[in-house]
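# Results of the structural survey
Each chain, letter by letter, is given below.
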Amino acid sequence: MYVLRSLVALLSALALVAPPAAAQQVYGTPGSPSATMSLPGNELPPPPPAFGGVIKEEAKDSKPWWPPQIVPPKGAPNVLLIMTDDQGYGVSSTFGGVIPTPAMDKLAKAGLRYTQFHSTALCSPTRAAIITGRNHHSVGFGVIGEMATGYPGYDSIIGTDSATIGRILSDNGYATSWFGKNHNTPSFQYSAAGPFDQWPSGMGFQYFYGFMGGESDQWQPYLFRDHTPVYPWVGRKDYNLITDMADDAIRYMKELNASAPEKPFFVYYVPGATHDPHQPTKEWIDKISRMHLFDQGWEKLREQIFANQKRLGVIPPNTQLTPWPDDLPKWDSLSAVKKKILIREADVFAAYAAYADHEIGRVIQAVEDMGKLDNTLIIYISGDNGTSSEGTMMGTPNWMTAANGILELPEVEYLRFYESWGSDQTYPHMGVPWAWAFDTPFKWTKQVASHFGGTRQGMVVSWPGHVDEPGGIRTQFHHVIDIVPTILDAAGIKAPDVVDGIKQKPIEGVSMAYTFAKANANAKSKRDTQYFEMFANRGIYHDGWYACTTPPEPPWALGTKPLPPVNDYKWELYNIADDYSQANDLAAKNPDKLKEMQALFLAEAAKYQVLPLDNSILPRLLTPRPSATAGKTVFTYQGENVGIPVGNAPSLLNRDYTITAEIAIPKEGAEGMIATMGGRFGGYGLYLQKGKPVFVYNLLNLKRYRFEGGVGADDWLGRSLKPGKHTIVFDFKYDGPGLGKSGTGVLSVDGKVVSKQTMDHTIPFIMALDESLDIGMDTRTPVDESYKLPFKFGGTIDKVTYRLGPEQMTAEDRETMQRAVSAALDSPTR
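Residues numbered from 1 in each chain as written. Predicted model: local features only at pLDDT ≥ 70, side-chain atom pairs only at ≥ 80, totals over all residues. Heavy atoms only, no water.

## What to know about the nonpolar core
Our working rule: In these notes, a set of buried Ala, Val, Leu, Ile, Met, Phe, Trp, Tyr and Cys residues joined through side-chain atoms within 4.5 Å is what counts as a nonpolar core. Each residue is assigned to one of three classes by its accessible area relative to the maximum for its type, calculated with a 1.4 Å probe on protein chains only: buried under 20%, partly exposed between the two thresholds, exposed over 50%. Note on conventions: DSSP H or I runs of at least 4 residues are helices, E runs of at least 2 residues are strands, and numbering of each starts at the N terminus. The contact criterion used is simple: two residues touch if any of their non-hydrogen atoms lie within 4.5 Å.
Core analysis: the biggest nonpolar cluster contains 71 residues, and Leu 80, Ile 82, Phe 179, Met 253, Tyr 269 and Val 363 have the highest contact counts within it. In terms of residues, this core owes the most to one element, helix α5 (residues 241-259), which gives eight residues. The residues contacting Tyr 269, other than those within four sequence positions of it, are Leu 80, Leu 81, Ile 82, Met 83, Phe 179, Ile 242, Met 245, Ala 246, Ala 249, Ile 360 and Val 363. Counting 54 residues, the second-largest nonpolar core is a separate cluster that includes Leu 39, Leu 112, Tyr 190 and Ala 513.

## Focus on the pattern of salt bridges
Proximity of charged atoms lets side chains of opposite charge pair with each other. This is how it is decided: For this analysis, a salt bridge means a side-chain nitrogen from Lys or Arg found within 4 Å of a carboxyl oxygen belonging to Asp or Glu.
Scanning all chains against the criterion turns up 29 salt bridges. A salt bridge links Lys 60 to Asp 61; the shortest N-O distance between them is 3.3 Å. Owing to a relative accessible area of 64%, Lys 60 belongs among the exposed residues under this scheme. The exposure class assigned to Asp 61 is partly exposed, which follows from its relative accessible area of 45%. The salt bridge involving Asp 798 is made with Lys 725; its shortest N-O contact spans 3.0 Å. Here the residue Asp 798 occupies a position in strand β33 (residues 796-804), and Lys 725 occupies one in strand β29 (residues 724-734), the gap between them amounting to 73 residues. A relative accessible area of 30% means that Asp 798 is categorised as partly exposed. For Lys 725, a relative accessible area of 63% gives the class exposed. Look at the salt bridges and you will find they share partners, linking Asp 85, Arg 127, Lys 181 and Asp 384 into a network.

## Focus on the packing of helix α6 (residues 282-289) against helix α8 (residues 336-369)
Counted only if it meets this: Whenever a helix is involved, its axis is fitted only over the stretch in contact; in every case the axis is a line through C-alpha atoms, and angles between N-to-C directions fall within 0 to 180 degrees. Throughout, a crossing is termed right-handed when the near helix is turned clockwise from the far one, and left-handed when it is turned anticlockwise from it by less than a right angle. All residues other than Ala, Val, Leu, Ile, Met, Phe, Trp, Tyr, Cys, Pro, Asp, Glu, Lys and Arg, Gly among them, are scored as polar; the first ten of these are nonpolar and the last four charged.
Contact geometry for α6 and α8: axes closest at 8 Å, N-to-C directions at 115 degrees. In this structure, α6 meets α8 at a crossing whose hand is right-handed. Together, Trp 284, Ile 285, Ile 288 and Ser 289 of α6 and Arg 344, Asp 347, Val 348, Ala 350, Ala 351, Ala 354, Tyr 355 and His 358 of α8 make up the contact between the two elements. Taken together, the residues of the contact of α6 with α8 break down into eight nonpolar, two polar and two charged.

## Points about the side chain of Ser 755
The residue Ser 755 is located in strand β31 (residues 752-759) in this model. With residues near it in sequence (within four places) discarded, Ser 755 still touches Phe 707, Glu 708, Gly 745, Val 746 and Leu 747.

## What to know about the layout of surface pockets
Condition: Cavities and pockets are defined on a 1 Å grid built over the protein atoms alone: a cavity is a set of grid points where a 1.4 Å probe fits but cannot escape, while a pocket is an open set with protein on both sides within 12 Å along at least five of seven lines, and lining residues are those with an atom within 4 Å of any such point. Grid points are joined across faces, edges and corners, and a volume is the space filled by probe spheres set on the points.
Space inside the second largest pocket adds up to approximately 500 Å³. In terms of lining residues, the second largest pocket is bounded by 16 residues, among which Gln 220, Trp 233, Arg 236, Asp 424 and Arg 680 are the most central. Per-class residue counts for the lining of the second largest pocket are seven nonpolar, three polar and six charged.

And the structure:
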């Protein structure tokens, strides 16, 4: 009893001396299970409240007290934040494009269209900015994570001093979720080993369903639910991630509504469309093809989009259509066969965009069906940057060929895939000139941060009862960093000063909520300055003026050409208050203004961690960065291991290598995959088929080299392996130095040669982007069509060992490779 009384006294004393909580609004009866409170928001999570009940020796004399549940301020809306991928200003019908986007159109009629809204020109930097409310360099994403360097603006790590909108809203009582593309987790943290603080869950999103990298096959996606790889497409011939994403988001919102109907949601919905691979359903391809939108070619398409934009009022009446660049072909210069191929590519791209908009419409309709539309702030952004021009001049049925420096293919390759373009048999991208046309009325494309073809995005905002001019147009200059403060403003939630005890960087965006009122339709923009930078392509906006550098090389060079020193770039100057499309360069006429703007850029660059400026490729790609496998030459796997990301797997490129598999065959025999990386569009696989050993090397779906048992002189080699233990070895000797050279492979079993042949070429730069290393089964696409997934191995894998020789490349080879890899990883765009 003495101990009990002492404990009671201690608890009472702690209750008396506990610091009072900061001012906060409590709803309901304090201490009751139904009590709630909203936070002042300056500190997250808030200090635990002092116990408000009574504790005596016995429960009958005591009074319980429940801490209030945290809820957002009264009236805080649900938030649906939507952003598509690789779509320039002239893609959607909402902003003058010919591609039908009725979901966006409908939202615009109920809300507002913004005609001077901007991205960073590249996917993961834009995404880092949109979820943090801070400039991309301020949160370590001055470039994609695959090129991260040891500088604060470029390390690809969103710091603990930059809490995301997911974390802020979650701690304030929202249900937070993320569907679709990520690409904000450092590439060296993709594996099951974690850590997970840079995954969506670690950034405050309570639910994640999507893919981690910059792109994914839509038919067989590299998909995660929270931290777990999932394969919902297995056994479903009609599967496509664009629909599956919408289904999962609708399911999530319905379940949330059933369980907690008063709890507001924040849904971050970011499909992979229209990033390559362009993979809509056949239904949508057929629908768009019947419309004959692109039969007149890209110049006529630009003219039509431009006329539509003027008619809709989404460009000023005095806007000039910028000239067609000299280094892109004119439509009339092409043969009939090339026109046929290119029209097909545009049809598939357009079908992908229309299909994604249709599924977005289903998600919005689900919100309406739940009766929540009137209290939902919807922000729909067309593209995280301009349209992608990394598809080569003629496009490609397999973007992995372009990623490996093959910029031209014979017409027969295009015609071979003409009918199946966009299906699971292709990994396609479209020709460069279409990208330029889809960025009408501007110059340039994705990647180019200096010009609006790379950064101008169409955006629609709807919030019934708060937007009082349905169908209105807003021309204020804004940027993706302004999304977070707009959401917080709408919710009545303060940006925190401290999170987890860490002082936070200020939010660098400004709220756009002032534009919601009709009275402010023509108000001066609250954003008066904004810098732009990507790979030393620079731009600076200030009070209607814009200065920028001229890109020294086009994005479609795919990193194959060296760049000049940063200080040698030419600068341009525009008065965009009168020159919406950057058509009239005033640099020569107004050198003093240009110098003023250049100085302002440097000041902003120093302020937001943009320095040091760097357009190099080789040093950044080769710089040491955290990795669990850097420098390893021997990799050993025991038993079944699947889903090992490319960055953690052994690279077989441009070197000798040996793969040794120690296996056991049961009495009934066995077949199945032993080890594979990549799949249909490039890669390799070591497996047993009908009990016989096989090694297949897939050269980018252009040619396959097949080594298999039954070729040798010994009669038993033509039969299945007998029950018991066996050692299968594939040994490859590379004919280097050089990139993508030939080599000789030898497949042997238990020390006896089974098959030997020479590969005329090998993959030089990238074997896989959205595939994984799998041991014991194949979880993605097959390396050839001789087996069906998942092709699980029916025996026992005691051990698989990779032994790698040194890379056989000259310094020049290495630089060429790194340029190509940078182009492929987001061109530098993924």
